[in-house]
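# Structure at a glance
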Amino acid sequence: MTLAAPDHQRLLIVDFGSQVTQLIARRLRELNVYCEIHPFQAVTPAFLADFAPRAVILSGGPASVVDDGSPRPPEDVFTIGVPVLGICYGQQVMMHMLGGQVERGDGTAEFGRAYVTPARDRLDLLTGWFLDAREQVWMSHGDHVSALAPGFAVYATSPGAPFAVTADPARHFYAVQFHPEVHHTPNGRTLYENFVRIAGFTGDWTMGAYRDEAIARIRDQVGEARVICGLSGGVDSSVAAVLIHEAIGEQLTCVFVDHGLLRQNEADEVVGMFRDAYNIPLIHAEEQELFLGALEGVSDPEEKRKTIGRLFIDVFQREAGKIEGAEYLAQGTLYPDVIESVSFSGGPSVTIKSHHNVGGLPEKMGLKLVEPLRELFKDEVRALGRELGLPDAFIGRHPFPGPGLAIRCPGEITREKLAILRRADAVFIDQIRRHGLYDEIWQAFAAILPVRTVGVMGDGRTYDYACALRAVTSVDGMTADVYPFTHEFLGETATRIINEVRGINRVTYDITSKPPGTIEWE
């Protein structure tokens with residue numbers, strides 16, 4: 001089953017289990033091309049006929065086409081008359097199915113940075129490539145094509161891939177051994193631009209169009225019923241709430257559970273924006289005492305998370321039960337959640353994660369789901385937020401974890417430590433904004449450490465907490481690198497925190513990447 005977009009030109013990505021398949025979709029969405037990722041076993045002839053793609057991309061994957069039972073797309077992919085692009089494993093399966101040959105690595109494997117050079121006359125797929133003598137690409141393959149399928153020719157080679165780029169231009173079949181979707185193939189975007197141009201895409205996938213279509217779908221789905229939305233204050237739930245409110249107005253009620261673990265002034269900002277600026281019906285459940293009381297004496301990170309999740313469900317259910325006639329629950333589910341909830345092989349062992357936004361709430365409450373963002377990536381949600389008029393300062397905010405400051409306060413949580421942490425975090429973020437660095441950083445925050453250290457302030461001895469600052473760059477949060485602040489910035493920030501935050505006398509900077517660390521401290 002496809003997600004939607006019946007009125008848009010559509011591109012199908014057949015997934016063979018690559019860890020970077022999502023990047024293909026993101027690159028295409030950046031080009032205003034609507035695409036969907038579907039695991040190979042779901043792409044049947046009937047599915048193809050229903051989806052009616054204008055083009056098909058075959059992803060990479062960990063399998064070997066020379067093994068019995070290795071993944072295959074249906075033969076119809078090559079007979080429906082649309083352009084096809086095979087990437088890495090996709091190239092190999094294309095050659096194998098169309099009459100070429102693939103062999104195991106045997107000394108020709110390539111992993112990491114490589115360089116390809118042209119092998120013959122220009123190819124429409126490679127317009128804008130080889131302006132210099134060679135192009136940098138990212139390889140990740142053991143097997144290799146050893147003989148081309150009939151009709152194909154070689155257009156570029158690398159030391160480990162004599163068939164790095166092959167094509168049958170007459171049928172608009174193209175195949176590359178490298179990964180043009182990753183950052184380490186600098187000119188990869190140009191290759192995708194060429195492919196969608198060859199396929200006749202006009203770039204009709206825009207957030208303006210999506211907004212209008214989503215509003216119409218919400219109205220059609222909900223009718224006269226009432227909808228409740230669990231509002232966390234994060235970007236996803238906020239954009240979903242504003243979109244749904246634009247569609248059905250007073251039929252929507254948001255429930256904001258304030259658990260006492262938010263950043264400085266955050267509850268006031270969320271309530272003010274939704275209740276005052278957008279006039280959206282909002283229940284502000286102030287449950288700080290309930291949550292902080294239950295967390296008293298708890299130091300284990302998993303117990304913290306489970307306690308917060310359980311209480312959130314209890315409070316949300318109680319408040320939602322007061323809304324007469326509610327039939328739908330709104331969630332900020334995104335397209336990566338949908339993708340990651342589908343097992344590539346059909347078995348549970350390789351499912352990346354089972355998606356659930358509110359811990360099983362729909363099953364407990366007997367409500368139907370409204371998920372207006374389930375076709376979108378995070379950057380598209382931000383673009384939709386701008387279309388809806390949300391302030392840039394809000395929709396561009398760094399991610400904030402559901403358990404809030406509880407996981408930035410290792411060890412036992414106390415009200416005193418939370419107050420100190422809020423002030424230190426506010427100073428750190430203010431510093432980042434003052435220096436114009438906020439938008440360069442994926443996530444930044446302070447953590448208060450479960451130790452006290454001796455210090456000297458004036459002529460007196462202090463015995464206060466230490467805090468750790470954390471700032472990382474990332475694309476999707478799966479991996480992350482430390483942000484390279486200057487020593488001058490860190491020194492200035494440490495001075496401000498120690499001078500302005502009573503209770504901290506020592507500041508450290510966490511330079512751990514992910515992996516081996518995580519972005520958050522717990």
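Residues numbered from 1 in each chain as written. Predicted model: local features only at pLDDT ≥ 70, side-chain atom pairs only at ≥ 80, totals over all residues. Heavy atoms only, no water.

Structurally, the position occupied by Glu181 is in the loop between strand 11 (173-176) and helix 4 (188-198). For the buried Glu181, no salt bridge is present, and the opposite-charge side chain at shortest range is Arg27, 7.6 Å distant. Among the polar contacts listed, one links the side chain of Glu181 to the side chain of His179, at a separation of 2.8 Å. Here Tyr192 takes part through its side chain, which lies 3.0 Å from a polar atom of the side chain of Glu181. Setting aside chain neighbours within four positions, we find Glu181 in contact with Val20, Leu23, Ile24, Arg27, Ile87 and Tyr192. (Helix = DSSP H or I, 4+ residues; strand = E, 2+ residues; numbered from the N terminus. Buried < 20%, exposed > 50% of the residue type's maximum accessible area, 1.4 Å probe, protein only. Lys, Arg positive; Asp, Glu negative; His and termini not counted. Salt bridge = Lys/Arg side-chain N within 4 Å of Asp/Glu carboxyl O. Polar contact = N/O pair within 3.5 Å; in protein donor to acceptor, adjacent residues only side chain to side chain. Contact = heavy atoms within 4.5 Å.)

For sheets, the rule is that strands pair by backbone hydrogen bonds, running either parallel or antiparallel. Strand order in the open sheet made by the 5 strands is 14-13-12-15-16, with parallel pairing throughout. Each edge of the sheet is formed by a strand with only one pairing partner; in this case those strands are strand 14 (282-286) and strand 16 (368-370). This sheet shows a mean twist of 30° between the axes of neighbouring strands, independent of strand direction. Of the strand pairs in this sheet, strand 13 (residues 252-258) and strand 14 are connected by 5 bridges, and their pairing is parallel. By the bridge assignment for strand 14, Phe256 is matched with His284. Strand contacts of helix 5 (residues 207-222): strand 12 (226-230), strand 15 (326-330) and strand 16, with the helix running at about 165° to strand 16, the strand carrying the most contacts. Against the sheet, helix 7 (residues 266-277) touches strand 13 and strand 14, its axis set at about 165° to strand 14. (Pairing = 2+ DSSP bridges. Axes fitted to C-alpha atoms, helices over the stretch in contact; angles between N-to-C directions.)

It is worth spelling out the packing of aromatic side chains at this point. Evaluated as defined, the whole model comprises 15 aromatic pairs. Between Phe312 and Phe316, the ring centres sit 5.9 Å apart and the planes meet at 25°, which makes this aromatic pair stacked. Taken together, the positions of Phe312 and Phe316, both in helix 9 (residues 301-320) and 4 residues apart, correspond to about one turn of that helix. Site record: aromatic cluster; members linked through ring pairs are Phe428, Tyr483, Phe485, Phe489 and Tyr509. Seen from the ring of Tyr465, Arg452 lies directly overhead, with NZ or CZ sitting 4.2 Å from the centre. (Phe/Tyr/Trp six-rings, centres within 6.5 Å; stacked < 30°, edge-to-face > 60°. Lys NZ or Arg CZ within 6 Å of the ring centre and 35° of its normal.)

Now for the environment of Tyr509. Counting through the fold element by element, Tyr509 comes out in strand 20 (residues 504-509). The spatial distance from the C-alpha of Tyr509 to the C-alpha of Trp442 is 16 Å, given a sequence separation of 67 residues. Among the polar contacts listed, one links the side chain of Tyr509 to the backbone oxygen of Ala471, at a separation of 3.3 Å.

So, about the pairing of strand 1 (residues 10-15). In terms of burial, strand 1 is a largely internal element, 6 of the 6 residues being buried. The alternating pattern of strand 1 places Arg10, Leu12 and Val14 on one face and Leu11, Ile13 and Asp15 on the opposite face, and all of these are buried. As paired elements, strand 1 and strand 2 (residues 34-39) share 6 bridges and run parallel to each other. The partner of Arg10 across the bridge, within strand 2, is Tyr34. Of the pairings in the sheet, the one linking strand 1 to strand 3 (residues 55-58) comprises 4 bridges and is parallel in character. Each bridged residue has a counterpart across the sheet, and for Leu11 the counterpart in strand 3 is Ala55.

Bringing the confidence of the model for the chain into the picture now. The pLDDT averaged across the chain works out to 87; a share of 91% of its residues lies at or above 70. In this model, residues 343-359 is a region of pLDDT below 50 whose contacts with residues beyond four sequence positions or in other chains number 33 contacts. (pLDDT = per-residue confidence, 0-100.)

Turning our attention to helix 4. Most of helix 4 is tucked away, with 8 of its 11 residues classed as buried. Every buried residue of helix 4 is listed here: Gly188, Thr190, Leu191, Tyr192, Asn194, Phe195, Val196 and Ile198. Looking one or two residues past helix 4, Gly200 carries a phi angle of roughly 85°, positive in sign.

One finds Phe428, Ile432, Ile441, Ala471, Phe485 and Ile497 to be the most contacted residues of the largest nonpolar core, which totals 46 residues. The greatest single-element share of this core, amounting to 8 residues, is contributed by helix 14 (residues 415-434). Not counting residues up to four positions away in its chain, the partners in contact with Phe485 are Phe428, Ile432, Leu437, Ile441, Ala471, Leu490 and Tyr509. If you look at the next biggest cluster of nonpolar residues, it comprises 44 residues, including Val222, Ala240, Val381 and Phe394. (Core = buried A, V, L, I, M, F, W, Y, C linked by side-chain atoms within 4.5 Å.)

Using the criterion set out here, one finds 25 salt bridges in the structure. Arg318 serves as the salt-bridge partner of Glu319, at 2.9 Å between the closest nitrogen and oxygen. Take Arg318: its relative accessible area is 38%, and that puts it in the partly exposed class. Here Glu327 ties to Lys368 by a salt bridge, and the two come within 3.7 Å at their closest N and O atoms. One end of the pair, Glu327, is in strand 15; the other, Lys368, is in strand 16, with 41 residues separating them in the sequence.

The axes of two packed helices give the description: the angle between them and the distance between them. The contact between helix 5 and helix 12 (residues 378-387) brings their axes to 9 Å, and the two run at 75°. The angle between helix 5 and helix 12 places the two elements in the roughly perpendicular class. Contacts from Met207, Gly208, Tyr210 and Arg211 in helix 5 reach Glu380, Ala383, Leu384 and Glu387 in helix 12. A class-by-class count of the residues in the contact of helix 5 with helix 12 yields 4 nonpolar, 1 polar and 3 charged. (Parallel < 35°, antiparallel > 145°, perpendicular 65-115°, else oblique. Nonpolar A, V, L, I, M, F, W, Y, C, P; charged D, E, K, R; others polar.)

With an omega of -15°, the peptide bond running from Lys514 to Pro515 counts as cis. You can see Pro515 is positioned in the segment after strand 20. Put simply, Pro515 and Pro516 share a cis peptide bond, and its omega is 15°. Relative to the assigned elements, Pro516 resides in the segment after strand 20. Here Cys88, not a glycine, exhibits a phi torsion of approximately 55°, which is positive. A positive phi angle, close to 60°, is found at Phe130, a residue other than glycine. Considering the arrangement of structural elements, one finds Phe130 in the loop between strand 6 (110-118) and strand 7 (135-141). A relative accessible area of 10% means that Phe130 is categorised as buried.

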